[in-house]
Structures are given as C-alpha cells and as structure tokens.
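Reading the structure
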Amino acid sequence: SQTIHQWPATLVQPVGSPLSLECTVEGTSNPNLYWYRQAAGRGLQLLFYSVGIGQISSEVPQNLSASRPQDRQFILSSKKLLLSDSGFYLCAWSGLAGLSGELFFGEGSRLTVL
Amino acid sequence: AQSVSQHNHHVILSEAASLELGCNYSYGGTVNLFWYVQYPGQHLQLLLKYFSGDPLVKGIKGFEAEFIKSKFSFNLRKPSVQWSDTAEYFCAVLGGGYNKLIFGAGTRLAVHP
C-alpha cells in the first residue's frame with residue numbers, strides 16, 4: 001500500500017534562517033506531488049506541484065521554493081524565513097489515472113517563525 | 001480564477017442533531033467538487049466527490065452532498081451527527097489539470113455527547 005511521510009512534524013525557526021521540509025512517498029511510481037500551506041483561519045493554499053523529477057510549478061509568488069530530486073521525494077525550502085512563512089504545511093500525492101481529484105495527504109509540518 | 005467559500009468556520013452541535021455545512025464556488029462552467037475531512041490526529045482524507053450525474057452524492061460515514069448548479073453550491077449534510085464526526089471539513093474544487101485542488105477555509109465541527 002502507498003504511504004506518505006513528512007518531517008519534521010514541528011519546527012520553530014528564527015526569522016532569516018533557512019528551511020527544509022521533506023516529503024517522501026512509498027508504494028507508488030511517478031506520482032503527482034503537491035505542497036499546500038494552511039495559515040491560521042485560512043484554507044489550504046496550493047504552493048507547488050510537480051508531475052515529475054525536476055519539474056516544479058509554482059502557484060503563488062512567495063519566499064519558498066520546491067525541488068524534486070527523486071521520483072518520490074519532494075522538498076520545500078527557503079533560504080531566509082519570514083514571519084509570514086509560519087503555518088501548517090501539507091504534502092500530498094495523487095496518481096496519474098485521470099483527474100480523480102483524490103489527493104493523499106501527509107501528517108503535516110507545523111512551522112513557527114519567531 | 002476559481003475560489004471556494006465556506007460560510008461557517010465553527011459549528012457546535014449535540015449528538016443526533018442534523019448537520020449542513022455550506023460551500024459555494026465561483027466558477028460557472030463544468031466543475032468537479034469535493035469534501036475532505038480531517039479527524040483529530042489523522043490525515044486529511046476524501047469524504048465524497050461530485051464529477052457528473054446524480055447531483056446528490058453519498059460519501060463515507062453517512063455523509064451526503066448536493067450539487068446545485070443554479071446556486072453554485074455543494075453543501076454537506078448528515079441527518080444525525082455523532083461525537084466521532086468532530087473534525088475539520090474542507091470543501092474543494094478541481095482547479096485545472098494535474099489534480100490541483102482549490103480548498104475553502106474549512107469548518108471546524110464539534111459534536112457534544
């Protein structure tokens with residue numbers, strides 16, 4: 001069966017420090033991968049998605065970047081964090097069998113920037 | 001661009017009460033609509049979805065949603081809630097290719113025994 005893991009689960013970082021959140025998927029090949037952010041009182045905002053190794057699409061201008069160095073690995077990064085980067089970050093994957101709309105989400109990573 | 005609005009951010013009900021959570025979307029063309037749920041301590045998961053056909057969609061755990069095109073709505077309903085339905089509920093619309101979902105702000109439901 002397929003599984004998805006994110007880490008770290010919780011992170012407290014000072015403003016200006018770098019960030020790296022990792023996500024890995026097991027049990028499937030060539031998934032679509034996504035990074036969402038949930039800020040307090042707001043919905044889930046799609047940040048990035050990827051349809052293959054090295055292929056990254058950004059949905060909103062921001063301080064963050066994403067990379068996909070391997071088929072089942074998706075990384076969210078920042079060189080210098082801002083206060084506004086605080087939030088709950090969710091990684092998700094979906095299969096390629098048409099537009100099912102079914103995404104499978106990880107446990108989430110809660111980032112607090114102080 | 002498509003958007004999704006959920007009117008109720010917090011709902012508190014007693015067990016056996018009926019539930020209706022509102023969801024409106026902005027796009028006037030063909031839409032694919034979803035409800036996702038996140039139970040405490042668990043992953044966000046799909047509750048039900050509408051692609052075409054019968055506008056009344058049934059999902060897991062007794063939930064259903066009705067697609068009303070004229071009202072741009074996709075409200076979630078359950079006739080009798082249980083304590084175990086306490087969760088956060090998100091309405092979403094498929095926003096283009098690659099299974100990109102656009103989510104609403106979510107509704108936190110608390111069911112008291």
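Residues numbered from 1 in each chain as written. Chains lettered and ligands numbered in written order. Predicted model: local features only at pLDDT ≥ 70, side-chain atom pairs only at ≥ 80, totals over all residues. Heavy atoms only, no water.

Considerations on the pattern of salt bridges
Residue and element names in this part refer to chain A. Filter applied, for reference: Salt bridge criterion: a side-chain nitrogen from Lys or Arg within 4 Å of a carboxyl oxygen from Asp or Glu. By the criteria applied, helices consist of DSSP H or I runs no shorter than four residues and strands consist of E runs no shorter than two, each listed in order from the N terminus. Burial classes: relative accessible area under 20% of the type maximum marks a residue as buried, over 50% as exposed, and values in between as partly exposed (1.4 Å probe, protein chains only).
In the structure shown here, the tally under the stated rule is 8 salt bridges over all chains. Among the ionic pairs, R37 bridges to D85, the shortest N-O distance being 4.0 Å. Here D85 lies in the loop between β8 (73-78) and β9 (87-94) and R37 lies in strand β4 (residues 32-38), a separation of 48 residues in the sequence. For R37, a relative accessible area of 13% translates into the label buried.

Let's talk about the nonpolar core
Formally: What is meant by a nonpolar core is a set of buried Ala, Val, Leu, Ile, Met, Phe, Trp, Tyr and Cys residues, joined one to another through side-chain atoms within 4.5 Å.
Core analysis: the biggest nonpolar cluster contains 28 residues, and B:W35, B:L48, B:F74, B:L76 and B:Y89 have the highest contact counts within it. Elements with a contribution of two residues or more to this core: β2 (10-14), β3 (19-21), β5 (33-38), β6 (45-50), β8 (64-68), β9 (73-78), β10 (87-94) and β12 (107-112) of chain B. Among the elements that take part in this core, β10(B) stands out by supplying 4 residues, more than any other. One finds A:L33, A:L76, A:Y89 and A:C91 within the second-largest nonpolar core, a separate group that totals 21 residues.

Some details on the sheet that holds strand β3 (residues 19-26) of chain A
All names here are of chain A. Rules: Strands qualify as paired when DSSP identifies two bridges or more between them. For helices, the axis comes from a line fit to the C-alpha atoms of the stretch in contact; other axes are also lines fit to C-alpha atoms, and the angle between any two N-to-C directions lies between 0 and 180 degrees.
Pairing is antiparallel in the open sheet, where 4 strands are placed in the order β1-β3-β8-β7. Each having just a single partner strand, β1 (3-7) and β7 (65-70) make up the two edges of the open sheet. Neighbour to neighbour, the strand axes of the sheet diverge by 20° on average, direction disregarded. Inspection of the sheet shows β3 paired to β8 by 6 bridges, in the antiparallel sense. By the bridge assignment, T24 is partnered in β8 with Q73.

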